[in-house]
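Structural description and commentary
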Amino acid sequence: MAKSMNGYVNTIHNQIGGMAFFMMGAKNFWFDNDTNTLRWQIANSSIKSVSVCYDTSIDLYDVSFLTETKTTISEIVIEQVEVSELHATIERMTGLRLSLARTYA
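A brief look at the structure comes next. The written sequence of each chain sets the order in which its residues are numbered from 1. In keeping with the predicted nature of the model, local features appear solely for residues at pLDDT of at least 70, side-chain atom pairs appear and are counted solely at 80 or more, and the whole-chain, interface and lining totals rest on all residues. Hydrogens and waters are ignored; side-chain quantities use all the structure's heavy atoms.

**Quick notes on the pattern of salt bridges**
Here, a salt bridge means any side-chain nitrogen of Lys or Arg that lies within 4 Å of a carboxyl oxygen of Asp or Glu. A full pass over the atoms with the stated rule returns 1 salt bridge. Note that Glu-91 is salt-bridged to Arg-97, the shortest N-O span being 3.8 Å.

Following this line, the structure appears as structure tokens:
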């Protein structure tokens, strides 16, 4: 029987949204119901994968970005991200747009 996402992980997936995943070129999704974590790989960025973990005790997210070169693997973790800042945080770190919404300077 295939394992399915719990409610928290499914909510992370829905909050980021299908269009955002499409625009990132997201692939190879992985989730952990015990830690309420959703991870995926992306294309066209120096960031190789993104992981979002929901902390139920404080109702905030920890967002991790993994970079990889021939000699090093680095992880950048941004803690206590509010849901309203998820897209902006991912966009800022990956350099990729997550929506087609018009932005103004």
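**Examining the packing of aromatic side chains**
Here a pair means two rings of Phe, Tyr or Trp (six-membered ring of Trp) with centres within 6.5 Å. Their orientation is stacked below 30 degrees between planes, edge-to-face above 60, and tilted elsewhere. By the definition in use, this model includes 5 aromatic pairs. Here the aromatic rings of Phe-21 and Trp-40 are separated by 5.0 Å at their centres, their planes lie at 90°, and the arrangement is edge-to-face. Residue Phe-21 is located in helix H2 (residues 18-24), and its partner Trp-40 is located in strand E2 (residues 37-41); the two are separated by 19 residues in the primary sequence. Note on exposure labels: buried denotes an accessible area under 20% of the residue type's maximum, exposed denotes more than 50%, and partly exposed covers the range between, all computed with a 1.4 Å probe on protein chains only. According to the relative accessible area criterion, Phe-21 is buried, its value standing at 6%. In this structure an aromatic cluster arises from ring pairing among Tyr-8, Tyr-54 and Tyr-61. In this description a helix means any DSSP run of H or I spanning at least four residues, a strand means any run of E spanning at least two, and both kinds are numbered starting from the N terminus.

**Some details on the environment of Ser-49**
Among the secondary structure elements, Ser-49 is positioned in strand E3 (residues 47-55). The class of Ser-49 is buried, set by a relative accessible area of 10%. In the structure, Ser-49 is positioned 23 residues away from Ala-26 in sequence and 8.7 Å away in space, judged by C-alpha atoms. Contacts are assigned to residue pairs with any non-hydrogen atoms lying within 4.5 Å of each other. Sequence-distant contacts of Ser-49, that is, excluding residues within four places in its chain, are made with Arg-39, Trp-40, Gln-41, Ser-64, Phe-65 and Leu-66.

**A few points about the pairing of strand E5 (residues 73-81)**
As defined by bridge partners, strand E4 (residues 60-68) adjoins E5 across 7 bridges and the pair is classed as antiparallel. The partner of Val-63 across the bridge, within E5, is Ile-78. DSSP calls a pair of strands paired once it identifies at least 2 bridges connecting them.

**Focus on the sheet that holds strand E1 (residues 27-32)**
One key point about sheets: their strands pair by backbone hydrogen bonds, in either a parallel or an antiparallel sense. In spatial order, the strands read E1-E2-E3-E4-E5; together these 5 strands make up an open sheet with antiparallel pairing. Every interior strand has two partners, whereas the edge strands, E1 and E5, have only one. Taken pair by pair, the neighbouring strands of this sheet meet at an average axis angle of 15°, ignoring direction. Inter-axis angles, ranging from 0 to 180 degrees, are taken between N-to-C directions of lines fitted to C-alpha atoms, where helices are fitted over the stretch in contact. The sheet contacts of helix H1 (residues 7-16) involve E1, E2, E3 and E4, and relative to E2 the element is tilted by about 45°.

**What to know about the pairing of E4**
Where E3 and E4 come together, 8 bridges link them in antiparallel fashion. In the sheet register, Val-50 faces E4, and the bridge partner there is Phe-65. Between E3 and the antiparallel strand that follows it, E4, lie 4 residues; Asp-59 among them carries a positive phi value of about 60°. Linking E4 back to E5 in an antiparallel pair, the connection comprises 4 residues.

**What about a nonpolar patch on the surface?**
Side chains of Met-19, Phe-22 and Leu-100 sit close together on the surface and give an oily, nonpolar patch of about 410 Å² of accessible area. Position of Met-19 among the secondary structure elements: in helix H2. Look at Met-19 and you get partly exposed, because its relative accessible area is 47%. For patch detection, residues must exceed 30% relative accessible area and be free of salt bridges, and they are connected within 9 Å for like charges or within 5 Å for nonpolar side chains (Val, Leu, Ile, Met, Phe, Trp, Tyr). With residues, only the protein chains shown are counted as cover, and all accessible areas are computed by Shrake-Rupley using a 1.4 Å probe.

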